Amino acid sequence: MPLYANNPDRKSWLHVDKNSDFPIQNIPFGVFLTRDDIVTIGTRIGDTAIDLGALHQLGYFIDIPLTDDIFLQDTLNDFIADGRKTWRAVRNRIAQIFDSNDKTLKENKSHKEIVLFRLDEIEMQLPVQIGDFTDFYSSMQHATNFGSLFRDAENTILPNWLHIPIGCHGRSSSIIPSGIPVHRPKGQMLPEGADAPVFGPSKSVDFELEMAFITTVANDLGEPIPIAEAEEYIFGLVLLNDWSARDIQKWEYAPLGPFLAKNFATSISPWIVTLDALEPYKVEGPKAIKPQLEYLQYKGKKSYDINLEVAIRPSGAKETVVSKTNFKHLYWNMVQQLAHHTVNGCPVNSGDLMGTGTISGPTPDSYGSMIELTWKGEKSIKMKDGSERTFINDNDTVIMRGFCEKDGTRIGFGEVSTKLLPIFKRK
Ligand SMILES: O=C(O)/C=C/C(=O)CC(=O)CC(=O)O
Ligand SMILES: [Ca+2]
Ligand SMILES: [Mg+2]
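Residues numbered from 1 in each chain as written. Chains lettered and ligands numbered in written order. Predicted model: local features only at pLDDT ≥ 70, side-chain atom pairs only at ≥ 80, totals over all residues.

Under an unreviewed UniProt entry, the protein has the name fumarylacetoacetase and belongs to Mariniflexile fucanivorans. Its UniProt record gives the protein a comment under Sequence similarities (unreviewed entry), which states: "Belongs to the FAH family." (UniProt positions renumbered as here; feature names shortened; annotations may be inferred.)

Put into structure tokens, the structure is as follows:
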């Protein structure tokens with residue numbers, strides 16, 4: 001099925017600002033609560049949210065084989081499980097309905113009243129019920145920086161790193177959508193020079209700038225996904241902030257990796273931008289430094305040119321951008337990650353979330369976490385309001401944004417914005 005929805009010349013009859021992340025070529029998927037307290041699946045064009053459940057009930061998807069309630073659900077899991085053919089057919093149809101040359105919905109006032117919402121009339125929810133969350137470690141710069149900061153400046157990249165897309169299993173119960181605040185965690189840590197740990201609020205709460213892909217049902221227990229097919233099982237991407245408490249991490253991570261330092265919260269952006277919409281922004285990734293085993297070898301462009309940035313907004317002040325980087329710097333790409341994840345026969349389900357790992361670029365202003373940007377707090381970052389940061393302060397809001405741009409078309413992710421509250425106190 002052709003990617004009709006990606007036609008760069010199409011204009012919508014809905015208003016779209018020039019710098020919007022959501023032109024008619026995007027057509028992301030999300031879940032929102034409407035002003036009538038109904039949860040529905042929707043999409044977005046410009047600053048208009050579109051109720052796909054209502055559109056389907058009104059007969060706008062009549063010749064696409066969809067169950068009646070596919071969009072009247074709290075999550076996208078069933079729609080995603082229907083597979084790529086269905087995603088494409090639905091995106092193509094949405095492009096047609098909102099094309100400036102199509103008058104069917106445009107001139108039907110009563111239908112428009114049911115289907116269209118302003119953004120301030122809705123509340124975005126988690127788009128999928130996430131069964132399993134995996135976090136990879138695929139940026140060579142990040143792995144090098146971490147090796148140096150946490151371990152040994154002489155042996156930053158461990159010998160396995162150039163051969164395996166390293167990852168770890170995460171926790172899905174604490175994954176939250178943009179806008180939900182997070183409390184500073186408490187935990188065990190070992191003060192500098194001490195020989196016994198103390199318990200208290202983390203003093204080094206950090207973000208990790210990541211993206212994550214969401215999968216469809218891919219394989220049975222025991223069945224690996226060949227790398228050449230991996231792309232078919234990736235529905236789309238979101239921005240991800242892997243909140244991390246560095247003092248807790250430093251003390252607990254040996255030998256099994258981070259545990260409570262990371263599972264207190266992980267924030268994602270609410271609109272899933274499909275892999276189909278990102279197709280025009282494909283680029284080649286970094287060249288392999290060491291030969292890779294056959295199951296990790298791929299053909300064609302498998303990386304994406306996605307501009308990323310992180311800003312910190314102190315309470316009551318203007319935000320300051322603290323990092324700018326790009327998705328294309330990732331050494332291991334998504335098809336390698338998915339092929340590796342399933343090579344032992346581990347099943348992947350609809351709605352699984354796979355974090356790319358922190359995306360650090362090659363220069364010190366493009367690192368994807370505060371511990372790297374401030375080099376473990378040795379240098380601080382000046383905010384626009386004159387205050388300084390080494391890590392995240394109480395009541396700061398961390399905002400991540402991402403977008404692609406080519407030949408005048410911009411496709412973006414919106415943002416994932418999370419406020420860090422002081423430690424939780426029982427009332
Ligand atoms: O090198 C380590 O010990 C751990 C590094 C991490 O912070 C793990 C992680 O979250 C992976 C990533 O985001 O790249
Ligand atoms: Ca991470
Ligand atoms: Mg996390």
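### Describing the overall build of the protein
Each helix and strand counted, the protein has 9 helices and 26 strands in total. Principal-axis analysis of the C-alpha atoms gives the protein an extent of 70 × 55 × 40 Å. Buried residues in the protein amount to 45% of all 427 residues. The long-range share in the protein, meaning contacts at least 24 apart out of those at least 6 apart in sequence, stands at 74%. (Helix = DSSP H or I, 4+ residues; strand = E, 2+ residues; numbered from the N terminus. Buried ≥ 20, exposed ≤ 12 C-beta atoms within 10 Å, placed from the backbone. Contact = placed C-beta atoms within 7 Å.)

### Description of helix α3 (residues 84–97)
The terminal C-alpha atoms of α3, which comprises 14 residues, lie 20 Å apart, in line with the 20 Å expected from a rise of 1.5 Å per residue. For α3, the set of buried residues is W87, V90, R91, I94 and A95. Viewed along the axis of α3, the buried residues span an arc of 140°, placing them on a single side of the element. Looking at the buried positions of α3, the neighbouring elements they touch are β2 (39–45), β14 (234–241), β17 (273–274) and α7 (275–278). (Expected span 1.5 Å × (residues − 1). Arc of directions from axis to C-beta.)

### Points about the nonpolar core
In this structure, M211, A212, V238, L239, V273, L278 and L338 are the most contacted members of the largest nonpolar core, which totals 106 residues. The greatest single-element share of this core, amounting to 6 residues, is contributed by β14. Inspection of this core shows a minimum of three residues originating in each of domain 1 (4–124) and domain 2 (133–421). Other than its neighbours up to four places away in sequence, V238 contacts M211, A212, I268, S269, I272 and F413. (Core = buried A, V, L, I, M, F, W, Y, C linked by C-beta atoms within 7 Å. Domains from an automatic or database assignment.)

### Here's the deal with the UniProt feature "domain: Fumarylacetoacetase N-terminal" (unreviewed entry) in the protein
Residues annotated by UniProt as "domain: Fumarylacetoacetase N-terminal" (unreviewed entry) correspond here to residues 25–127. Annotated as residues 25–127, this span is 31% helix and 19% strand, and its ends, taken at the C-alpha atoms, are 20 Å apart.

### A look at unusual backbone geometry
Cis rather than trans, the peptide bond between A254 and P255 has omega equal to -5°. Here P255 shows up in the loop between α6 (246–252) and β16 (266–268). Positive phi outside glycine occurs at N395, with the angle close to 70°. For N395, the position within the fold is in the loop between β24 (388–389) and β25 (397–406). Overall, N395 belongs to the partly exposed group, with 14 C-beta atoms counted inside 10 Å.

### A word on the site of ligand 1
The full set of residues close to ligand 1 is D135, Y137, H142, F146, F150, E208, E210, D242, Y253, P258, G357 and T358. In terms of residue count, the dominant contributor to the shell around ligand 1 is helix α5 (residues 140–151) (3 residues). Taken together, the residues of the shell around ligand 1 sort by class into 5 nonpolar, 3 polar and 4 charged. (Near = placed C-beta within 6 Å. Nonpolar A, V, L, I, M, F, W, Y, C, P; charged D, E, K, R; others polar.)

### Considerations on the sheet that holds strand β20 (residues 307–313)
Read across the sheet, 5 strands follow the order β9-β26-β25-β20-β21 without closing on themselves; strand pairing throughout is mixed. Only two strands of the sheet have a single partner each, and these edge strands are β9 (182–183) and β21 (320–326). By the bridge criterion, 9 bridges tie β25 to strand β26 (residues 409–421) in an arrangement that is antiparallel. Residue pairing across strands places C404 opposite I411, the latter belonging to β26. (Pairing = 2+ DSSP bridges.)

### Quick look at the sheet that holds strand β5 (residues 123–124)
Read across the sheet, 5 strands follow the order β4-β3-β2-β1-β5 without closing on themselves; strand pairing throughout is antiparallel. Edge positions in the sheet fall to β4 (116–118) and β5, since each has one partner strand and no second. Where strand β3 (residues 48–51) and β4 come together, 3 bridges link them in antiparallel fashion. Residue pairing in the sheet places A49 in a bridge with F117 of β4.

### Re the domain arrangement of the protein
A common way to report how large an interface is uses the accessible area buried once the components associate. Looking at the protein, the domain boundaries give domain 1 (4–124) and domain 2 (133–421). Centre-to-centre, using C-alpha coordinates, domain 1 lies 29 Å away from domain 2. The interface is formed by 23 residues belonging to domain 1 together with 26 residues belonging to domain 2. Residues that form the side of domain 1 that touches domain 2 fall into these classes: 10 nonpolar, 8 polar and 5 charged.

### Overview of the UniProt feature "binding site: Ca(2+)" (unreviewed entry) in the protein
Per the UniProt entry, the sites bearing "binding site: Ca(2+)" (unreviewed entry) are D135, E208, E210 and D242 in this numbering. A maximum C-alpha distance of 11.1 Å among these annotated residues, which run over 108 residues, shows that they cluster at one spot. Tracing the backbone through its elements, the reader meets E210 in strand β13 (residues 209–215). Residue class for E210 comes out buried when judged on the 30 C-beta atoms lying within 10 Å of it.

### Points about the environment of D394
Along the polypeptide, D394 turns up in the loop between β24 and β25. Note: C-alpha distance between D394 and S315 (79 residues apart in sequence) is 8.6 Å. The contacts of D394, once residues within four sequence positions are left out, are R184, L420, L421 and P422.

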